[in-house]
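The residues making up each chain are set out below.
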Amino acid sequence: GNSVTQMEGPVTLSEEAFLTINCTYTATGYPSLFWYVQYPGEGLQLLLKATKADDKGSNKGFEATYRKETTSFHLEKGSVQVSDSAVYFCALSDRPQKVTFGIGTKLQVIP
Amino acid sequence: SAVISQKPSRDICQRGTSLTIQCQVDSQVTMMFWYRQQPGQSLTLIATANQGSEATYESGFVIDKFPISRPNLTFSTLTVSNMSPEDSSIYLCSGLEGTDTQYFGPGTRLTVL
(Lines give C-alpha, C1' and ligand atoms only; values in the text may rest on other atoms or scores of the structure.)
Protein backbone atom coordinates (compact mmCIF):
# COMPACT_ATOMS: atom_id res chain seq x y z
CA GLY A 1 0.00 0.00 0.00
CA ASN A 2 0.89 3.65 -0.13
CA SER A 3 2.93 5.29 2.61
CA VAL A 4 4.49 8.64 3.45
CA THR A 5 7.52 9.00 5.67
CA GLN A 6 8.35 12.33 7.24
CA MET A 7 11.19 13.33 9.43
CA GLU A 8 10.37 13.20 13.11
CA GLY A 9 10.00 16.49 14.88
CA PRO A 10 9.99 18.77 16.54
CA VAL A 11 12.25 20.97 14.46
CA THR A 12 13.43 24.12 16.20
CA LEU A 13 14.99 26.92 14.16
CA SER A 14 15.94 30.50 14.72
CA GLU A 15 14.16 33.15 12.72
CA GLU A 16 15.62 33.60 9.21
CA ALA A 17 17.16 30.12 9.21
CA PHE A 18 16.83 27.76 6.24
CA LEU A 19 14.20 25.07 6.56
CA THR A 20 14.13 21.57 5.11
CA ILE A 21 11.54 18.99 6.10
CA ASN A 22 12.17 15.66 4.44
CA CYS A 23 9.39 13.58 2.94
CA THR A 24 9.64 10.33 1.02
CA TYR A 25 6.82 8.21 -0.28
CA THR A 26 5.90 4.76 -1.53
CA ALA A 27 3.13 4.44 -4.07
CA THR A 28 2.17 1.96 -6.76
CA GLY A 29 1.01 4.54 -9.29
CA TYR A 30 1.82 8.14 -10.09
CA PRO A 31 0.42 10.08 -7.18
CA SER A 32 -0.10 13.77 -6.64
CA LEU A 33 1.94 15.10 -3.74
CA PHE A 34 0.96 17.71 -1.18
CA TRP A 35 2.14 19.67 1.79
CA TYR A 36 -0.47 20.77 4.28
CA VAL A 37 0.10 23.08 7.24
CA GLN A 38 -1.78 23.09 10.54
CA TYR A 39 -1.37 26.20 12.65
CA PRO A 40 -2.07 25.88 16.38
CA GLY A 41 -5.75 25.38 17.05
CA GLU A 42 -6.71 25.30 13.38
CA GLY A 43 -7.53 22.82 10.64
CA LEU A 44 -5.31 21.79 7.75
CA GLN A 45 -4.52 24.25 5.00
CA LEU A 46 -3.16 23.24 1.64
CA LEU A 47 0.30 24.79 1.35
CA LEU A 48 1.40 23.49 -2.04
CA LYS A 49 1.05 20.58 -4.43
CA ALA A 50 2.73 18.92 -7.39
CA THR A 51 1.05 16.51 -9.74
CA LYS A 52 3.86 15.02 -11.82
CA ALA A 53 7.56 14.34 -11.80
CA ASP A 54 9.84 17.41 -11.71
CA ASP A 55 6.95 19.74 -10.91
CA LYS A 56 7.75 22.33 -8.29
CA GLY A 57 5.02 23.49 -5.97
CA SER A 58 5.46 26.84 -4.25
CA ASN A 59 3.51 29.12 -1.94
CA LYS A 60 4.34 31.73 0.73
CA GLY A 61 8.08 31.21 0.18
CA PHE A 62 7.84 27.44 0.61
CA GLU A 63 8.88 25.12 -2.20
CA ALA A 64 8.91 21.40 -2.87
CA THR A 65 9.94 19.48 -5.99
CA TYR A 66 8.41 16.14 -7.03
CA ARG A 67 11.41 13.83 -7.41
CA LYS A 68 10.30 10.55 -8.88
CA GLU A 69 13.79 9.03 -8.99
CA THR A 70 14.22 9.44 -5.24
CA THR A 71 10.47 9.27 -4.41
CA SER A 72 10.81 12.45 -2.42
CA PHE A 73 8.99 15.75 -1.92
CA HIS A 74 11.08 17.71 0.55
CA LEU A 75 9.73 21.03 1.82
CA GLU A 76 12.10 24.01 1.87
CA LYS A 77 12.01 27.66 2.81
CA GLY A 78 14.92 30.02 2.62
CA SER A 79 14.15 32.16 5.65
CA VAL A 80 11.59 31.08 8.24
CA GLN A 81 9.58 33.41 10.41
CA VAL A 82 8.02 32.96 13.82
CA SER A 83 4.63 32.88 12.08
CA ASP A 84 5.69 29.70 10.26
CA SER A 85 5.53 27.76 13.53
CA ALA A 86 3.05 24.97 12.82
CA VAL A 87 2.76 21.27 12.04
CA TYR A 88 3.53 20.33 8.45
CA PHE A 89 2.02 17.22 6.84
CA CYS A 90 3.27 15.60 3.67
CA ALA A 91 0.62 13.66 1.79
CA LEU A 92 -0.03 11.79 -1.42
CA SER A 93 -3.10 10.89 -3.41
CA ASP A 94 -3.39 8.41 -6.24
CA ARG A 95 -7.18 8.13 -6.14
CA PRO A 96 -9.75 10.84 -5.43
CA GLN A 97 -10.94 9.32 -2.18
CA LYS A 98 -7.61 8.20 -0.86
CA VAL A 99 -5.12 10.57 0.72
CA THR A 100 -2.22 9.12 2.68
CA PHE A 101 -0.72 11.47 5.27
CA GLY A 102 2.63 11.47 6.97
CA ILE A 103 2.82 11.75 10.74
CA GLY A 104 3.41 15.49 10.65
CA THR A 105 6.48 17.50 11.58
CA LYS A 106 6.18 20.21 14.18
CA LEU A 107 8.20 23.32 13.41
CA GLN A 108 9.00 25.85 16.08
CA VAL A 109 10.68 29.08 15.05
CA ILE A 110 12.21 31.16 17.82
CA PRO A 111 12.98 34.87 17.55
CA SER B 1 -10.30 26.78 -3.76
CA ALA B 2 -13.20 25.47 -1.72
CA VAL B 3 -13.94 27.17 1.58
CA ILE B 4 -15.22 24.79 4.23
CA SER B 5 -16.84 25.69 7.53
CA GLN B 6 -17.66 23.46 10.47
CA LYS B 7 -19.66 23.85 13.62
CA PRO B 8 -19.32 23.62 16.47
CA SER B 9 -15.66 24.57 16.60
CA ARG B 10 -15.28 22.81 19.93
CA ASP B 11 -17.38 21.08 22.53
CA ILE B 12 -17.09 19.33 25.86
CA CYS B 13 -19.49 16.43 26.22
CA GLN B 14 -20.44 13.87 28.81
CA ARG B 15 -19.83 10.17 28.38
CA GLY B 16 -22.74 8.38 26.76
CA THR B 17 -24.11 11.37 24.89
CA SER B 18 -23.97 12.14 21.15
CA LEU B 19 -22.73 15.14 19.21
CA THR B 20 -23.55 16.12 15.64
CA ILE B 21 -20.98 18.11 13.68
CA GLN B 22 -22.01 20.11 10.63
CA CYS B 23 -19.90 20.80 7.57
CA GLN B 24 -20.72 23.32 4.85
CA VAL B 25 -18.75 23.98 1.68
CA ASP B 26 -19.09 27.11 -0.42
CA SER B 27 -18.93 25.37 -3.77
CA GLN B 28 -19.89 22.09 -5.25
CA VAL B 29 -17.13 19.70 -4.41
CA THR B 30 -17.17 16.28 -5.98
CA MET B 31 -16.66 14.33 -2.78
CA MET B 32 -16.78 15.00 0.96
CA PHE B 33 -14.93 13.18 3.70
CA TRP B 34 -14.68 12.99 7.47
CA TYR B 35 -11.41 12.51 9.31
CA ARG B 36 -10.35 12.07 12.90
CA GLN B 37 -7.13 13.47 14.31
CA GLN B 38 -6.27 12.15 17.74
CA PRO B 39 -4.02 14.29 19.94
CA GLY B 40 -0.56 14.62 18.46
CA GLN B 41 -1.40 12.25 15.61
CA SER B 42 -1.92 12.39 11.89
CA LEU B 43 -5.30 12.17 10.19
CA THR B 44 -7.35 9.01 9.88
CA LEU B 45 -10.15 8.77 7.34
CA ILE B 46 -13.46 7.82 8.94
CA ALA B 47 -15.67 7.73 5.86
CA THR B 48 -16.63 9.17 2.52
CA ALA B 49 -19.94 11.03 2.71
CA ASN B 50 -22.08 10.08 -0.29
CA GLN B 51 -24.84 12.37 -1.44
CA GLY B 52 -28.26 10.86 -0.80
CA SER B 53 -26.98 7.44 0.19
CA GLU B 54 -25.12 5.67 2.96
CA ALA B 55 -21.56 6.75 3.66
CA THR B 56 -18.62 4.50 2.83
CA TYR B 57 -16.75 3.65 6.01
CA GLU B 58 -13.11 2.78 6.44
CA SER B 59 -11.96 -0.25 8.35
CA GLY B 60 -12.48 0.23 12.07
CA PHE B 61 -15.35 2.71 11.74
CA VAL B 62 -19.03 1.74 11.74
CA ILE B 63 -22.26 3.50 10.95
CA ASP B 64 -23.79 2.91 14.37
CA LYS B 65 -20.97 4.82 16.02
CA PHE B 66 -20.44 7.49 13.35
CA PRO B 67 -23.65 8.04 11.37
CA ILE B 68 -23.10 10.42 8.46
CA SER B 69 -25.52 12.25 6.23
CA ARG B 70 -25.03 14.25 3.06
CA PRO B 71 -28.42 15.49 1.87
CA ASN B 72 -26.95 17.70 -0.88
CA LEU B 73 -23.67 18.46 -2.59
CA THR B 74 -22.51 21.14 -0.15
CA PHE B 75 -23.59 19.92 3.30
CA SER B 76 -22.78 16.95 5.51
CA THR B 77 -23.10 15.95 9.14
CA LEU B 78 -21.15 13.52 11.30
CA THR B 79 -22.59 12.25 14.57
CA VAL B 80 -20.34 10.79 17.23
CA SER B 81 -22.64 8.48 19.17
CA ASN B 82 -22.52 7.11 22.70
CA MET B 83 -19.29 8.94 23.34
CA SER B 84 -16.46 7.80 25.56
CA PRO B 85 -13.24 9.63 26.51
CA GLU B 86 -11.47 7.70 23.73
CA ASP B 87 -13.53 9.71 21.23
CA SER B 88 -11.79 12.91 22.31
CA SER B 89 -10.21 14.12 19.06
CA ILE B 90 -10.35 16.74 16.38
CA TYR B 91 -12.90 15.86 13.70
CA LEU B 92 -12.26 17.37 10.28
CA CYS B 93 -14.43 17.61 7.23
CA SER B 94 -12.90 17.89 3.79
CA GLY B 95 -14.07 18.40 0.24
CA LEU B 96 -12.47 17.18 -2.94
CA GLU B 97 -11.95 19.75 -5.67
CA GLY B 98 -11.02 18.37 -9.04
CA THR B 99 -9.62 14.87 -8.93
CA ASP B 100 -6.90 15.03 -6.31
CA THR B 101 -6.99 18.07 -4.01
CA GLN B 102 -8.78 18.00 -0.67
CA TYR B 103 -9.56 21.17 1.26
CA PHE B 104 -10.23 20.97 4.96
CA GLY B 105 -12.49 22.68 7.40
CA PRO B 106 -11.14 24.20 10.61
CA GLY B 107 -12.02 21.14 12.65
CA THR B 108 -14.19 20.41 15.67
CA ARG B 109 -12.31 19.86 18.91
CA LEU B 110 -14.21 17.33 20.98
CA THR B 111 -13.48 16.55 24.61
CA VAL B 112 -15.43 13.75 26.28
CA LEU B 113 -15.47 13.64 30.06
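Quick note: structure is the one above.
Residues numbered from 1 in each chain as written. Chains lettered and ligands numbered in written order. Predicted model: local features only at pLDDT ≥ 70, side-chain atom pairs only at ≥ 80, totals over all residues. Heavy atoms only, no water.

Colleague: Outline the overall build of chain B, listing residues and values.
Modeller: Helices and strands together make up the secondary structure of chain B, namely zero helices and 11 strands. Mapped in sequence order, the helices and strands of chain B form the string β-β-β-β-β-β-β-β-β-β-β. Rg of the C-alpha trace for chain B: 13 Å, near the compact-globule value of 13 Å for 113 residues, within the 12% margin. Over its C-alpha atoms, taken along the principal directions, chain B stretches across nearly 40 × 25 × 20 Å. (Helix = DSSP H or I, 4+ residues; strand = E, 2+ residues; numbered from the N terminus. Rg over C-alpha atoms; globule rule 2.2 N^0.38 Å.)

Colleague: How would you summarise the sheet that holds strand S7 (residues 68-72) of chain B if you had to cite specific residues and measurements?
Modeller: Residue and element names in this part refer to chain B. Across the sheet, which stays open at both edges, the four strands sit in the order S1-S3-S8-S7 with antiparallel pairing between neighbours. Edge positions in the open sheet fall to strand S1 (4-7) and S7, since each of these has one partner strand only. Taken pair by pair, the neighbouring strands of this sheet meet at an average axis angle of 20 degrees, ignoring direction. In the sheet, strand S3 (residues 19-25) pairs with strand S8 (residues 75-80) via six bridges, with the strands oriented antiparallel. Residue pairing in the sheet places Thr-20 in a bridge with Thr-79 of S8. (Pairing = 2+ DSSP bridges. Axes fitted to C-alpha atoms, helices over the stretch in contact; angles between N-to-C directions.)

Colleague: Let's hear about the sheet that holds strand S7 (residues 56-59) of chain A: which residues, and what values?
Modeller: Residues and elements named next belong to chain A. In space, the four strands of this open sheet follow the order S3-S9-S8-S7, with antiparallel pairing throughout. In this open sheet, the two edge strands, each paired with only one partner strand, are strand S3 (19-21) and S7. On average, each strand axis in the sheet is tilted by 15 degrees relative to the strand beside it, whichever way the strands run. Of the strand pairs in this sheet, S7 and strand S8 (residues 62-65) are connected by four bridges, and their pairing is antiparallel. In the sheet register, Gly-57 faces S8, and the bridge partner there is Ala-64.

Colleague: Describe in detail the interface of chain B and chain A, supporting the description with residues and values.
Modeller: In this complex, chain B contributes 21 residues to the contact, which on the side of chain A involves 20 residues. Here chain B packs against chain A, burying approximately 1500 Å² in sum over the two surfaces, 52% of which is carbon and sulfur. The three residues of chain B that bury the most area against chain A are B:Ser42, B:Asp100 and B:Phe104, which together make up 31% of that side's buried surface. A salt bridge links B:Asp100 to A:Lys49; the nearest nitrogen and oxygen atoms lie 3.1 Å apart. Those elements giving two or more residues to the side of chain B that touches chain A turn out to be strand S4 (31-37), strand S5 (43-49), strand S9 (89-97) and strand S10 (101-104) of chain B. The residue makeup of the side of chain B that touches chain A, split by class, is 10 nonpolar, eight polar and three charged. (Contact = heavy atoms within 4.5 Å. Buried area = accessible area lost by both parts, 1.4 Å probe. Salt bridge = Lys/Arg side-chain N within 4 Å of Asp/Glu carboxyl O. Nonpolar A, V, L, I, M, F, W, Y, C, P; charged D, E, K, R; others polar.)

Distances and angles like these do not, on their own, reveal function.
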